[in-house]
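The residues making up each chain are set out below.
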Amino acid sequence: EAEVAQSPRYKITEKSQAVAFWCDPISGHATLYWYRQILGQGPELLVQFQDESVVDDSQLPKDRFSAERLKGVDSTLKIQPAELGDSAMYLCASSLAVAHTDTQYFGPGTRLTVL
Amino acid sequence: QQQVKQSPQSLIVQKGGISIINCAYENTAFDYFPWYQQFPGKGPALLIAIRPDVSEKKEGRFTISFNKSAKQFSLHIMDSQPGDSATYFCAAMEYGNKLVFGAGTILRVKS
């Protein structure tokens, strides 16, 4: 069964350092999402791509966060500089995007700890 | 702003019992209501979903009940099993907008 791949699974960094997360969606999925899940809360959308274009980045802290999906396949989410409050699980998801109700398939996530 | 309110925060059920998780929303433009199941160390996985034109949807031991007038929907897990122990999230989506998640319910099924 095809799965969304993410790496690394865990990342520990010091504040003010740069971090990057990678996501490889399910083959053929045009829509890719990055979510942040703070411990004890539900996932919150950071950015949504349709192919290589950003559809929604209204909740992305653009002063420190950036995301790209250059060839419309895999994607990278970067934080620079990291702050203590960025400690969370970062989840990537993908969907076929034929309809807005298409199932979003989530990867295992990257757990970020900022010291 | 919490657009989907989920309760309870945690739930303990005996094996074989019924687990019930409730969610409420305000935005009447929501037209898709999925439930996700998340095990520790894993990403959420779609469990079951409903559109507002039906009042109930059942898939195996999992049932969604939907009350459009009250703007509430709930997940019922019949014959709960220890393997059902996980965190459950309700969510809602409006056409052309993003998926909004509830805060989650930690379910523990005691054997």
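Structure: see above.
Residues numbered from 1 in each chain as written. Chains lettered and ligands numbered in written order. Predicted model: local features only at pLDDT ≥ 70, side-chain atom pairs only at ≥ 80, totals over all residues. Heavy atoms only, no water.

Novice: How would you summarise the overall build of chain B if you had to cite specific residues and measurements?
Specialist: Helices and strands together make up the secondary structure of chain B, namely zero helices and 11 strands. Put simply, chain B runs from its N terminus to its C terminus through helices and strands in the order β-β-β-β-β-β-β-β-β-β-β. Here chain B has a C-alpha radius of gyration of 13 Å; the compact-globule value for 111 residues is 13 Å, and the two agree. Summarising its shape, the C-alpha atoms of chain B cover approximately 40 × 30 × 20 Å along the three principal directions. Relative to its 111 residues, chain B shows a buried fraction of 45%. Across chain B, the fraction of contacts at a sequence separation of at least 24, relative to all contacts at a separation of at least 6, is 52%. In the form shown here, chain B has an accessible surface area of approximately 5,600 Å², with 48% of it arising from carbon and sulfur atoms. Chain B carries 12 positive and 8 negative side-chain charges, and their two centres are separated by 7 Å. (Helix = DSSP H or I, 4+ residues; strand = E, 2+ residues; numbered from the N terminus. Rg over C-alpha atoms; globule rule 2.2 N^0.38 Å. Buried < 20%, exposed > 50% of the residue type's maximum accessible area, 1.4 Å probe, protein only. Contact = heavy atoms within 4.5 Å. Areas by Shrake-Rupley, 256 points an atom, 1.4 Å probe, with all protein chains shown as cover. Lys, Arg positive; Asp, Glu negative; His and termini not counted. Charge placed at Lys NZ, Arg CZ, Asp CG, Glu CD.)

Novice: Outline the pattern of salt bridges, supporting the account with residue identities and numerical values.
Specialist: A full pass over the atoms with the stated rule returns seven salt bridges over all chains. Glu59(B) is the salt-bridge partner of Lys57(B), the closest N and O atoms lying 3.7 Å from each other. A relative accessible area of 33% means that Lys57(B) is categorised as partly exposed. Glu59(B) gets classed as partly exposed once you look at its relative accessible area, which sits at 37%. Between Asp84(B) and Arg61(B) there is a salt bridge, and its shortest N-O distance comes to 2.8 Å. Of the two residues, Asp84(B) sits in the loop between strand E8 (72–77) and strand E9 (86–94) while Arg61(B) sits in the loop between strand E6 (56–59) and strand E7 (62–67), which places them 23 residues apart along the sequence. Within this structure, Arg64(A), Glu83(A) and Asp86(A) form a network of salt bridges that share partners. (Salt bridge = Lys/Arg side-chain N within 4 Å of Asp/Glu carboxyl O.)

Novice: Any chance you could break down the environment of Ile64(B) for me, citing the residues and the numbers?
Specialist: Residue and element names in this part refer to chain B. Of note, Ile 64 is situated in strand E7. For the pair Ile 64 and Ala 49, spaced 15 residues apart in sequence, the C-alpha separation works out to 7.5 Å. With residues near it in sequence (within four places) discarded, Ile 64 still touches Phe 33, Trp 35, Ile 48, Ala 49, Ile 50, Ser 55, Glu 56, Lys 57, Ser 74 and Leu 75.

Novice: Tell me what's going on with the interface of chain A and chain B, and back it up with residues and numbers.
Specialist: On the side of chain B, 19 residues touch chain A, which itself brings 19 residues to the contact. It is His100(A), Thr101(A) and Phe106(A) that lose the most area in chain A upon contact with chain B, and together they represent 36% of the buried surface on that side. Remark: the boundary between chain A and chain B carries zero salt bridges. Considered class by class, the residues forming the side of chain A that touches chain B number six nonpolar, 11 polar and two charged. (Buried area = accessible area lost by both parts, 1.4 Å probe. Nonpolar A, V, L, I, M, F, W, Y, C, P; charged D, E, K, R; others polar.)

Novice: Before we move on, could you go through the pairing of strand E11 (residues 110–114) of chain A and cite the residues and values that matter?
Specialist: All names here are of chain A. The two faces of E11 differ: Thr 110, Leu 112 and Val 114 on one face are buried, but Arg 111 and Thr 113 on the other face are not. One ladder, built from four bridges, connects strand E2 (residues 10–13) with E11; its direction is parallel. Paired with Tyr 10 across the strands is Arg 111, a residue of E11. The pairing of strand E9 (residues 88–95) with E11 spans three bridges and is antiparallel. (Pairing = 2+ DSSP bridges.)

Novice: Any details on the side chain of Ser95(A)? Residues and values, ideally.
Specialist: Residue and element names in this part refer to chain A. Summarising the element assignment, Ser 95 is placed in strand E9. Taking relative accessible area as the criterion, Ser 95 reaches 1% and is therefore assigned buried. Among the polar contacts made by the side chain of Ser 95, one reaches the side chain of Tyr 33 at a distance of 3.2 Å. (Polar contact = N/O pair within 3.5 Å; in protein donor to acceptor, adjacent residues only side chain to side chain.)

Novice: An account of the state of the cysteines is needed here, citing residue identities and associated values.
Specialist: Throughout the structure, instances matching the rule amount to two disulfides over all chains. Put simply, Cys23(A) and Cys92(A) are joined by a disulfide, and their sulfur atoms are 1.9 Å apart. Because the torsion about its S-S bond is -70 degrees, the bridge between Cys23(A) and Cys92(A) counts as left-handed. Of this pair, Cys23(A) sits in strand E3 (residues 19–24) while Cys92(A) sits in strand E9, and the two are 69 residues apart along the sequence. One disulfide bridge connects Cys23(B) with Cys90(B), the sulfur atoms lying 1.9 Å from each other. (Disulfide = S-S within 2.5 Å.)

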